[in-house]
Amino acid sequence: MNSALDLYNNSRIDEDKYKNLLEHIRLNVTEEYEFPPEIVKVNGTTIATLGNFSASTGKPKSKKTFNVSAIVASALCGHEVLKYRTILPHGKERILYIDTEQSKCHCHKVLERILRLAGLPTDREDDRIMFFVLREYTPEQRCDIISWALQKESDIGLVVIDGIRDLIHDINSPSESLTIINDLMRWSSYYDLHIHTVLHQNKGDDNTRGHIGTELNNKAETILQVSKLPDNPNVSEVKAVHIRDREFDPFAFSIGEDALPHLVENYKSSQDRTQRVSSFIDMKESQHREALNHAFEEKQNMGYQELLEALREGYASIGYSRGRNTIVKLCKFLTNMEILVKEDTGYRYNKDFSIQTAV
């Protein structure tokens, strides 16, 4: 049994640790904090920074892994690949690539593709990239391996987790989803690196799968969507459905005879730019109504964070894909116009609004 002195000493140790923690997490207005290095860009738009995480989403076979391969290849060669310009800072040049789904044979093709895209030889190892195949392990073991690798390996600036769904048992579990998202935030912040994940979308719509998809949408720095063109399944379009920086014009790629992705030159999005809505204030009543009917299709009342996600998906369904900051402004606009009504239980959609009161 511990003596009173032992208990006192332990409490003092805990108190000292607590004080140090408070000092570490406290934000001071008199101090200057550097903006995290921007490591991945598309046409000048920042896709990824150190200390954050992002994701590529899409239907099965939409070429998500090809898209990720281009990001990694750009980091290895220092040049633009497809539209990605990836620059890892000094001391953070190494890449950790985690695949949770495929066999070693298929993973070898991915690694070889990355090196070929980067213009690097495939007959010798490149110490800047580590490729781990975790298909045979349990979700807990996969998380432990990633955590151990980040702890033991140095100079890692970019981590790719191709198959974040396989880090949890139940894709619809709120607790498991929150835990793995917290892991992503902790790993990326503590080790000062960027994590890019891959997650499938639902087959019936463009929503990311399960509760883990909802958490990704809420917390990720950028969500990229990779989708096959309806009129040309050999071409995949890449666009941002959630981004903290300004949006970039969608681009597209196809797979050539060399089994590598190639940029589609002079690509124009399937929705003509002159027909795209530039502001939610300029929308017609029918456009608002279509988007809101989609947003409130399954629930008639929802909390703020859930509402923002529903609005993002609803307005994206009519071609108005915007990042979180714009959706927050849209929510405020709809609330001020009493199109959305805030109640004790959450936000309700007022279907009786008219365009005269909305603009």
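Note on numbering: residues in each chain are counted from 1, in written sequence order. In keeping with the model being predicted, local features are shown solely for residues with a pLDDT of at least 70 and side-chain atom pairs are shown and tallied solely at 80 or more, while totals for entire chains, interfaces and linings include all residues. Water and hydrogen atoms play no part in the side-chain values, which are based on all heavy atoms of the structure.

S.K.: Got a sec to walk through the nonpolar core? Specific residues and values, please.
M.R.: When a protein is soluble and globular, its nonpolar side chains tend to lie buried together. In this structure, Val72, Leu76, Tyr84, Ile95, Tyr97, Ile114 and Phe248 are the most contacted members of the largest nonpolar core, which totals 41 residues. Numbered from the N terminus, helices here are DSSP runs of H or I no shorter than four residues, and strands are runs of E no shorter than two. Top element by residues in this core is helix H2 (residues 64-77). It accounts for 8 residues. Here, residues are in contact when the closest pair of their heavy atoms is within 4.5 Å. Apart from the residues lying within four places of it in its own chain, the contact partners of Tyr84 are Val40, Lys41, Val42, Asn67, Ala70, Ile71, Ser74, His79, Leu224, Val238 and Phe251. Core analysis: the next-biggest nonpolar cluster, separate from the first, contains 30 residues, Ile98, Met130, Ile168 and Ile195 among them. The nonpolar core is taken to be a set of buried Ala, Val, Leu, Ile, Met, Phe, Trp, Tyr and Cys residues, with the residues joined through side-chain atoms within 4.5 Å. Using a 1.4 Å probe on the protein chains alone, a residue whose accessible area is under 20% of its type maximum counts as buried, one over 50% counts as exposed, and one in between counts as partly exposed.

S.K.: Go over the pattern of salt bridges with me, naming the residues and quoting the values.
M.R.: When a carboxyl oxygen of Asp or Glu lies within 4 Å of a side-chain nitrogen of Lys or Arg, that pair is called a salt bridge. Per the counting criterion, the structure on display carries 13 salt bridges. Note that Lys219 is salt-bridged to Glu215, the shortest N-O span being 3.6 Å. With a gap of 4 residues between them, Lys219 and Glu215 both fall in helix H6 (residues 210-219), about one helical turn apart. According to the relative accessible area criterion, Lys219 is partly exposed, its value standing at 28%. In this structure, Glu309 and Arg312 form a salt bridge, with 2.8 Å as the shortest nitrogen-oxygen distance. Of this pair, Glu309 and Arg312 both sit in helix H8 (residues 304-316), separated by 3 residues, roughly a single helical turn. Here Glu309 matches Arg312 in class, with each residue buried.

S.K.: Explain the sheet that holds strand S11 (residues 251-255) to me, and be specific about the residues and the numbers.
M.R.: The sheet built from 9 strands is open, its strands ordered S6-S5-S7-S8-S3-S9-S10-S11-S12 with mixed pairing. At either margin of the open sheet sits one strand with a lone partner, and together these are strand S6 (129-133) and strand S12 (261-263). Looking at each pair of strands side by side, their axes are set apart by 20° on average, direction ignored. A pair of strands is labelled paired if DSSP reports no fewer than 2 bridges between them. One ladder, built from 4 bridges, connects strand S10 (residues 232-243) with S11; its direction is antiparallel. From the neighbouring strand, Ser236 faces S11, where its bridge partner is Phe253. Note on geometry: axes are C-alpha line fits, over the in-contact stretch for helices, and angles between N-to-C directions span 0 to 180 degrees. Sitting on the sheet, helix H3 (residues 104-117) is in contact with strand S5 (94-99), S6 and S12, with an inclination near 160° to S6.

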